[in-house]
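Understanding the architecture of this molecule
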Amino acid sequence: MEGMAFVDAVIRPLDYELNQRFYGWRPNDILDVTDNVNNFQLGVLEVTRRTAVILSERISRTGSTASFDVNLQNAMNWFMIKADRYWFPSAESKYKASLKELRTYFHRLEKGEAHFYSRTDNLIPLLMAYEDLLGSCDDNLVKTHEEDGSPVSHFKSDDYFFYTQGVASAMATMLEGITKDFSVMVIRRGGMEELHHAIEACHHAMELDPWIILNSDGSSLFANHRLNLAAPISHARFYIGVLIKALST
């Protein structure tokens, strides 16, 4: 049934971080000893959050006057729990509950009891949300100073790098879901090549695996891993922008 591949793609990245990664969800741990994984997971969460909003508010509805899907509303709201919340409720308990709601919606789609509308005017806002998030990541990768004027530290470089990789990892999976459930409309507008290029760029971003994140000057003999990651992220953003234009015409 239409929508099942995409919903499965929305579930899988965060499900891995919660249930399959060793030691599970890290950002709310009392002892913060795995900073890189923490930031990667925050990137995955942010893509999931933005996707859940569009899925609930647009893709599952015929228009602004249509009722909201209860399962998707619950999932969207519970994803908004702060990632570092330890209890009452814990972040991972609400995120797992959100994934359970998405699975219920998935099975309702399978039975023909839920709605999924693969229209152009539903896909464009989702792609715009992705483009916006990639733009934020790109800015954090190329900037030399923070908003307060202080130079970007080695510690913040590390945070920006792994957060962005988390975004790229989750986004690649969800873009692949789009190739399946929005394929007819994307092909009709001649945008499938751009979509595949965006996915490929996200995969290139995920392939960077330095032992230590260096933050050297761009002309230094040593690497600046943020700048190295910025190139595929910028490419992904570019191709999503081109796809949005193709769908808008």
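A brief look at the structure comes next. (Residues numbered from 1 in each chain as written. Predicted model: local features only at pLDDT ≥ 70, side-chain atom pairs only at ≥ 80, totals over all residues. Heavy atoms only, no water.)

With respect to the nonpolar core
- Ranked by size, the top nonpolar core spans 68 residues in total, and within it Tyr95, Leu127, Tyr130, Met171, Leu175 and Ile178 carry the most contacts.
- When residues of this core are assigned to their parent elements, the largest contribution, ten residues, is made by helix 6 (residues 154-181).
- Beyond its immediate chain neighbours, meaning those up to four positions away, Met171 contacts Val47, Tyr130, Leu133, Leu134, Cys202 and Ile240. (Core = buried A, V, L, I, M, F, W, Y, C linked by side-chain atoms within 4.5 Å. Buried < 20%, exposed > 50% of the residue type's maximum accessible area, 1.4 Å probe, protein only. Helix = DSSP H or I, 4+ residues; strand = E, 2+ residues; numbered from the N terminus. Contact = heavy atoms within 4.5 Å.)

A few points about the environment of Leu127
- Position of Leu127 among the secondary structure elements: in helix 5 (residues 120-142).
- Excluding its chain neighbours within four sequence positions, the residues that come into contact with Leu127 are Leu175, Ile178, Ile240, Leu243, Ile244 and Leu247.

Digging into unusual backbone geometry
- Looking along the chain, the bond that leaves Phe88 and enters Pro89 is cis, with omega of -5 degrees.
- Phi is positive for Tyr23, close to 75 degrees, though the residue is something other than glycine.
- Its location among the elements puts Tyr23 in the loop between helix 1 (4-20) and helix 2 (35-59).
- The class for Tyr23 is exposed, based on a relative accessible area of 57%.
- Looking at where Phe88 falls in the secondary structure, it is placed in the loop between helix 3 (70-79) and helix 4 (91-110).
- Residue classification places Phe88 among the exposed residues on the basis of a relative accessible area of 67%.

Concerning the packing of helix 2 against helix 3
- Remark: helix 2 packs on helix 3, axes separated minimally by 9 Å, with the N-to-C direction vectors making an angle of 150 degrees. When the axis of helix 2 is compared with that of helix 3, the two are roughly antiparallel. For the crossing formed where helix 2 meets helix 3, the hand is left-handed. Facing helix 2, whose interface residues are Leu45, Thr48, Arg49, Ala52, Val53, Leu55, Ser56 and Glu57, helix 3 presents Leu72, Gln73, Met76 and Phe79.
- Of the residues that constitute the contact of helix 2 with helix 3, the class distribution is seven nonpolar, three polar and two charged. (Axes fitted to C-alpha atoms, helices over the stretch in contact; angles between N-to-C directions. Parallel < 35°, antiparallel > 145°, perpendicular 65-115°, else oblique. Left-handed = near helix turned anticlockwise from the far one by under 90°. Nonpolar A, V, L, I, M, F, W, Y, C, P; charged D, E, K, R; others polar.)

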